[in-house]
Amino acid sequence: MRSRQARATLWHGLDDVPPDLGPTVLTIGVFDGLHRGHRSLIDEARRTADERGLPLVMVTFDPHPARVLGLPKDTATLSTIAHRAELAAAAGVDAVCVLRFTRELAGLSPEAFAAHCLAGRLRARAVVVGANFTFGARAAGDVDTLRELGAALGFSVEGVPLLPANNTACSSTYTRNCLRTGDLPGVTRALGRPHRVDGVRAGDRIVLAPNTALPPPGRYHATLNGRAALVDVGDDSVRVADGTSGDGAAAVTFLERAGGES
Ligand SMILES: Cc1cc2nc3c(=O)[nH]c(=O)nc-3n(C[C@H](O)[C@H](O)[C@H](O)COP(=O)(O)O)c2cc1C
Ligand SMILES: Nc1ncnc2c1ncn2[C@@H]1O[C@H](COP(=O)(O)OP(=O)(O)OP(=O)(O)O)[C@@H](O)[C@H]1O
């Protein structure tokens, strides 16, 4: 069995992809949070990559397309790109290609995206996506579109059935909903691990990227860089509540609401 890397190779944009990259298997989507549904998809993609003896590349978009396009959707960030790459590597991905989602990218037709990005720069021989995957201007392309394009461009396409969670598809949106309503056990079930945010500690504050997904304001039992800690969550802030001070990279994992509520 192949050993899993601590962190997948990270390419920021197509220009960062090595020019001598050989044929690949691709999986595509935002993958925010790398929840259990995403991991079941990656398992399937990994099997295909192993059968063909090819590397598995995860193509992801940043920022969330819905945020760039101003769609009415909760796009609070469950995982930073670095955390996503770490989780992807643990799930069996060899390399992550982060495509900056801009209005220009959003305007590409399904045909142009498949030809230029997937078959062209990323040398796809197989593409494995969830059954609900859409792509291309006005989200006009779906799994069937991709399959037709792949037949002409030299890659096969698998549409993987969606893993359920609590009578709905396990999704980042579902996970964000659980988090917003304070259902930490629901979040943990969807992610397969407790929710973690990554930021930088400055005194008692943890400075986070704007739009980081947080549980409702209140006090929580957590771990801070792996050690037990109490933290206070505000509307868009996290403070360490044990009177200590510090600085540097900080990973806060939310365990349960202090006082027994969750
Ligand atoms: C080239 C390209 C253009 C896109 N244009 C649009 C768009 O115009 N409107 C839209 O709602 N989503 C658009 N999207 C986003 C996709 O519908 C979809 O959210 C994205 O491919 C990520 O897949 P996922 O949502 O399954 O993770 C586009 C995606 C790509 C790759
Ligand atoms: N439950 C699931 N099971 C299998 N594959 C999934 C599941 N949910 C999403 N996918 C697939 O994972 C890839 C990334 O999807 P995406 O990031 O849109 O996930 P999502 O959870 O639906 O996100 P959001 O709720 O923000 O739309 C896509 O190919 C998508 O089809």
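Because the structure is a prediction, the values reported are computed rather than measured.

Here we look at helix α7 (residues 172-180)
Now for step 1: For α7, the full list of buried residues reads Ser 172, Tyr 174, Thr 175, Arg 176, Cys 178 and Leu 179.
Now for step 2: Buried residues along α7 sit in contact with α1 (36-52), β7 (164-165), β8 (168-169) and α8 (184-191).
Now for step 3: One side-chain oxygen at the N-terminal end of α7 lies 3.4 Å from the backbone nitrogen of Thr 173; it belongs to Ser 171.
Now for step 4: One or two positions beyond α7, positive phi appears at Gly 182, with a value near 80°.

Here's the deal with the sheet that holds strand β10 (residues 205-207)
Now for step 1: If you walk around this closed barrel you meet the six strands as β9-β10-β13-β12-β11-β14, and the pairing is antiparallel. Averaged over all adjacent pairs, the angle separating strand axes in this sheet is 45°, with direction ignored.
Now for step 2: Pairing of strand β9 (residues 196-203) with strand β14 (residues 246-257), which is carried by eight bridges, proceeds in the antiparallel orientation. Bridge pairing links Val 197 to Val 252 in β14.

Here's the deal with the UniProt feature "domain: FAD synthetase" (unreviewed entry) in the protein chain
Now for step 1: The positions that UniProt labels "domain: FAD synthetase" (unreviewed entry) are, in the present scheme, residues 21-173.
Now for step 2: For residues 21-173, the end-to-end C-alpha separation is 34 Å, with 40% helix and 22% strand making up the annotated structure.

Some thoughts on the layout of surface pockets
One way to see where empty space is left: roll a probe the size of a water molecule over the atoms.
Now for step 1: As a volume, the largest pocket reaches approximately 1000 Å³.
Now for step 2: For the lining of the largest pocket, the elements supplying multiple residues, two or more each, are α1, α2 (65-68), α4 (103-106), β5 (124-130) and α7.
Now for step 3: With four residues, the single largest contributor to the lining of the largest pocket is α1.
Now for step 4: Counted as a void, the second largest pocket has a volume near 320 Å³.
Now for step 5: Contributions of two or more residues to the lining of the second largest pocket are made by α7 and β10.
Now for step 6: Across the lining of the second largest pocket, the residue classes tally to 13 nonpolar, four polar and five charged.

Details of the packing of helix α5 (residues 110-121) against helix α6 (residues 143-153)
Now for step 1: Viewed as axis vectors pointing N to C, α5 and α6 meet at an angle of 50°, and their least axial separation amounts to 10 Å. Taken together, the axis directions place α5 and α6 in an arrangement best described as oblique. Crossing geometry of α5 relative to α6 is assigned as right-handed. Packed against α5, whose contacting residues are Pro 110, Glu 111, Ala 114, Ala 115, Leu 118 and Ala 119, the element α6 presents Thr 145, Leu 146, Leu 149 and Leu 153 at the interface.
Now for step 2: Tallied by class, residues from the contact of α5 with α6 come to eight nonpolar, one polar and one charged.

Some words on the domain arrangement of the protein chain
Now for step 1: Under the domain assignment used here, the protein chain contains domain 1 (9-165) and domain 2 (194-262).
Now for step 2: Each of domain 1 and domain 2 has a C-alpha centre, and the two are 31 Å apart.
Now for step 3: Contact residues are listed per partner, giving eight residues for domain 1 and six residues for domain 2.
Now for step 4: Here domain 1 packs against domain 2, burying approximately 600 Å² in sum over the two surfaces, 44% of which is carbon and sulfur.
Now for step 5: Counting across the domain 1 and domain 2 interface gives one salt bridge.
Now for step 6: Here Glu 86 ties to Arg 196 by a salt bridge, and the two come within 3.3 Å at their closest N and O atoms.

A look at the site of ligand 1
Now for step 1: Close to ligand 1 lie 18 residues; Val 30, Ala 106, Thr 134, Gly 136 and Arg 138 are nearest.
Now for step 2: Val 30 is positioned such that a nitrogen or oxygen atom in its backbone is 2.8 Å from an oxygen atom of ligand 1.
Now for step 3: At a separation of 2.9 Å, a nitrogen atom of ligand 1 approaches a polar backbone atom of Ala 106.
Now for step 4: Because more than half of its atoms lie within 2 Å of the grid, ligand 1 is assigned to the largest pocket.

What to know about the site of ligand 2
Now for step 1: Around ligand 2 there are 23 residues in total, and His 35, Lys 73, Asn 132, Ser 172 and Thr 173 lie nearest to it.
Now for step 2: The backbone of Ile 28 places a nitrogen or oxygen atom 2.9 Å from an oxygen atom of ligand 2.
Now for step 3: In this structure, His 38 approaches ligand 2 through a side-chain N or O atom, which is 2.9 Å from an oxygen atom.
Now for step 4: Cavity membership is defined here by more than half of the atoms lying within 2 Å of grid points; on that basis ligand 2 lies in the largest pocket.
Now for step 5: Counting residues per element, the ones that place at least two in the shell around ligand 2 are α1, β5 and α7.
Now for step 6: Of the residues forming the shell around ligand 2, the biggest block, four residues, is contributed by α1.

What counts as what
Residues numbered from 1 in each chain as written. Chains lettered and ligands numbered in written order. Predicted model: local features only at pLDDT ≥ 70, side-chain atom pairs only at ≥ 80, totals over all residues. Heavy atoms only, no water. Buried < 20%, exposed > 50% of the residue type's maximum accessible area, 1.4 Å probe, protein only. Helix = DSSP H or I, 4+ residues; strand = E, 2+ residues; numbered from the N terminus. Contact = heavy atoms within 4.5 Å. Polar contact = N/O pair within 3.5 Å; in protein donor to acceptor, adjacent residues only side chain to side chain. Pairing = 2+ DSSP bridges. Axes fitted to C-alpha atoms, helices over the stretch in contact; angles between N-to-C directions. UniProt positions renumbered as here; feature names shortened; annotations may be inferred. 1 Å grid on protein atoms, 1.4 Å probe; cavity = no way out; pocket = protein on both sides within 12 Å on 5 of 7 lines; lining within 4 Å. Points joined across faces, edges and corners; volume = space filled by probe spheres on them. Nonpolar A, V, L, I, M, F, W, Y, C, P; charged D, E, K, R; others polar. Parallel < 35°, antiparallel > 145°, perpendicular 65-115°, else oblique. Left-handed = near helix turned anticlockwise from the far one by under 90°. Domains from an automatic or database assignment. Buried area = accessible area lost by both parts, 1.4 Å probe. Salt bridge = Lys/Arg side-chain N within 4 Å of Asp/Glu carboxyl O. Near = heavy atom within 4 Å. Sits in = over half its atoms within 2 Å of the grid points.

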